[in-house]
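# A look at the structure
So you can see what is in the structure, the chains are spelled out below.
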Amino acid sequence: MTRYHSKPVSKEGWVNWSIEEDTIWHDLVKRQQDVIVDRACEAYLHGLKLLDLPLDRVPQLPEINKVLYETTGWQVEPVPALIDFDRFFDLLANKRFPVATFLRSRDEFDYLQEPDFFHEIFGHCAMLTNSDFAAFTEHYGKLGQAATSKQRGYLARLYWFTVEFGLVKEGEKLKIYGGGILSSPAETIYALEGDMAVREEFNLHTVLRTPYRIDIMQPKYFVINEMAELFKISQENLLHQTDLAIEAGLLPPLFEPKEPTHAE
């Protein structure tokens with residue numbers, strides 16, 4: 001369940017954002033711009049420059065789509081706040097990135113569990129201008145279409161530890177390309193500088209078997225050596241690798257189990 005609902009989108013792809021939402025967007029972007037400068041990877045920063053996101057107002061979908069289409073052929077697709085896995089995989093397989101047209105409220109300014117417009121646009125769209133990342137994401141969608149329900153559960157970890165929370169080497173430094181990190185000021189700093197975080201070289205079998213929680217700072221991040229590694233990963237027999245991970249089972253989690261609420 002969600003307290004948020006996507007705003008209506010006109011047939012031209014425009015959303016009627018409020019003045020308050022424009023202000024929230026400004027504050028979110030300004031705060032995050034100051035944090036990512038020396039921490040985001042070159043591919044992300046290049047994509048952000050191409051997008052040329054406005055600071056004084058929430059950007060419109062056609063503005064994003066123009067840049068994405070000209071670089072990698074992708075588009076963003078407005079969706080309700082929550083969509084099912086079938087729709088999610090179908091969109092990615094057809095080079096459409098789902099974007100919920102709602103923006104977080106002031107009382108959830110620092111964190112919310114649902115991916116809002118800021119997370120999707122500021123966190124993810126810059127990377128979709130990168131050909132290796134875009135090809136990986138498209139292939140992931142096609143994998144999801146072909147996967148069984150159990151395989152999808154394991155494949156979700158591949159998406160989580162790359163598209164959402166991936167790190168990449170640039171020379172001697174670690175940089176961020178995952179949108180879940182790049183849309184969070186606290187996790188942007190923690191992922192690279194936090195003493196408790198484990199940063200491990202990407203291993204597909206390990207990634208597919210590593211549990212995660214969505215409501216905490218990630219205890220572990222996986223590091224690729226270059227963006228081209230994502231394309232190489234997409235060329236492996238990933239469904240077979242997923243079956244091997246299922247057979248091996250999940251690794252012990254590096255976090256405490258979530259406390260159940262009365263409603264659970």
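Here, the structure is the one placed above.
What counts, and at which threshold
Residues numbered from 1 in each chain as written. Predicted model: local features only at pLDDT ≥ 70, side-chain atom pairs only at ≥ 80, totals over all residues. Heavy atoms only, no water. Helix = DSSP H or I, 4+ residues; strand = E, 2+ residues; numbered from the N terminus. Rg over C-alpha atoms; globule rule 2.2 N^0.38 Å. Buried < 20%, exposed > 50% of the residue type's maximum accessible area, 1.4 Å probe, protein only. Contact = heavy atoms within 4.5 Å. Lys, Arg positive; Asp, Glu negative; His and termini not counted. Charge placed at Lys NZ, Arg CZ, Asp CG, Glu CD. Core = buried A, V, L, I, M, F, W, Y, C linked by side-chain atoms within 4.5 Å. 1 Å grid on protein atoms, 1.4 Å probe; cavity = no way out; pocket = protein on both sides within 12 Å on 5 of 7 lines; lining within 4 Å. Points joined across faces, edges and corners; volume = space filled by probe spheres on them. Nonpolar A, V, L, I, M, F, W, Y, C, P; charged D, E, K, R; others polar. Salt bridge = Lys/Arg side-chain N within 4 Å of Asp/Glu carboxyl O. Pairing = 2+ DSSP bridges. Axes fitted to C-alpha atoms, helices over the stretch in contact; angles between N-to-C directions. Polar contact = N/O pair within 3.5 Å; in protein donor to acceptor, adjacent residues only side chain to side chain. Disulfide = S-S within 2.5 Å.

### Structural notes on the overall build of the protein
Scanning the protein from N- to C-terminus turns up twelve helices and six strands. Relative to the compact-globule value of 18 Å for 264 residues, the protein shows a C-alpha radius of gyration of 18 Å, a close match. Projecting the C-alpha coordinates of the protein onto the three principal axes gives extents of approximately 50 × 50 × 40 Å. By residue count, 54% of the 264 residues in the protein fall in the buried class. Residue pairs at least 24 apart in sequence account for 66% of intrachain contacts in the protein once pairs closer than 6 positions are excluded. Side-chain charges of the protein comprise 27 positive and 41 negative groups, with the mean position of each set lying 2 Å from the other.

### Focus: the environment of Thr206
Examined against the element boundaries, Thr206 turns out to sit in helix 10 (residues 204-208). The buried category is assigned to Thr206, whose relative accessible area is 18%.

### With respect to the nonpolar core
Membership of the largest hydrophobic core comes to 75 residues, with the highest contact counts inside it found for Tyr44 and Leu158. Ranked by residues supplied to this core, first place goes to helix 7 (residues 149-164) with eight residues. Once residues lying within four places of it in the same chain are set aside, the contact partners of Leu158 are Phe136, Tyr140, Phe202, Leu204, Val207, Leu208 and Leu238. Counting residues in hydrophobic clusters, the runner-up holds seven residues, among them Val79, Leu91, Ala100 and Phe102.

### Structural notes on the layout of surface pockets
Of the volumes computed, that of the largest pocket is approximately 1200 Å³. In this structure, the largest pocket is lined by 43 residues; those nearest its centre are Gln113, Glu114, Pro115, Trp160 and Glu164. Looking at the lining of the largest pocket, the elements that each hand over two or more residues are helix 4 (85-93), strand 2 (96-100), helix 5 (117-125), helix 7 and helix 9 (185-193). Among the residues making up the lining of the largest pocket, the classes are represented as 28 nonpolar, six polar and nine charged.

### A word on the pattern of salt bridges
Taken as a whole, this structure holds 16 salt bridges when the rule is applied. Arg31 is paired through a salt bridge with Asp110; the nearest N and O atoms lie 2.6 Å apart. Residue Arg31 is located in helix 1 (residues 19-36), and its partner Asp110 is located in the loop between strand 2 and helix 5; the two are separated by 79 residues in the primary sequence. By relative accessible area, which is 55% here, Asp110 ends up exposed. Between Arg104 and Asp116 there is a salt bridge whose closest N-O contact spans 2.8 Å. You can see Arg104 sitting in the loop between strand 2 and helix 5 and its partner Asp116 sitting in the loop between strand 2 and helix 5, a full twelve residues away along the chain. For Arg104, a relative accessible area of 5% translates into the label buried. What makes Asp116 buried here is its relative accessible area of 0%. Beyond isolated ion pairs, a larger network of salt bridges with shared partners links Glu20, Asp27 and Arg106.

### Things to note about the sheet that holds strand 5 (residues 198-201)
With respect to topology, four strands assemble into an open sheet ordered 4-3-6-5, the strand pairing being mixed. Single-partner strands in this sheet number two, and they are strand 4 (173-176) and strand 5. Here the average twist between neighbouring strands, direction ignored, is 40°.

### A closer look at the environment of Met227
Looking at the element boundaries, Met227 is found in the loop between strand 6 (220-224) and helix 11 (228-234). Look at Met227 and you get buried, because its relative accessible area is 11%. A C-alpha to C-alpha distance of 8.8 Å links Met227 and Lys169, two positions 58 residues apart in sequence. The contact partners of Met227, leaving out residues within four places of it in the chain, are Ala43, Met127, Asn130, Asp132, Phe133, Val168 and Tyr177.

### Remarks on helix 4
Of the residues making up helix 4, those classed as buried are Phe88, Phe89, Leu91, Leu92 and Ala93. In the core, the buried residues of helix 4 are packed alongside strand 1 (75-79), strand 2, helix 6 (131-146) and helix 7. Measuring from the side-chain oxygen of the N-cap residue of helix 4 to the backbone nitrogen of Asp86 gives 3.3 Å; that N-cap residue is Asp84.

### Section: the state of the cysteines
Evaluated as defined, the whole model comprises zero disulfides. With no disulfide of its own, Cys41 lies closest to Cys125 among cysteine sulfurs, the gap being 14 Å. Assessed through its relative accessible area of 0%, Cys125 is described here as buried.

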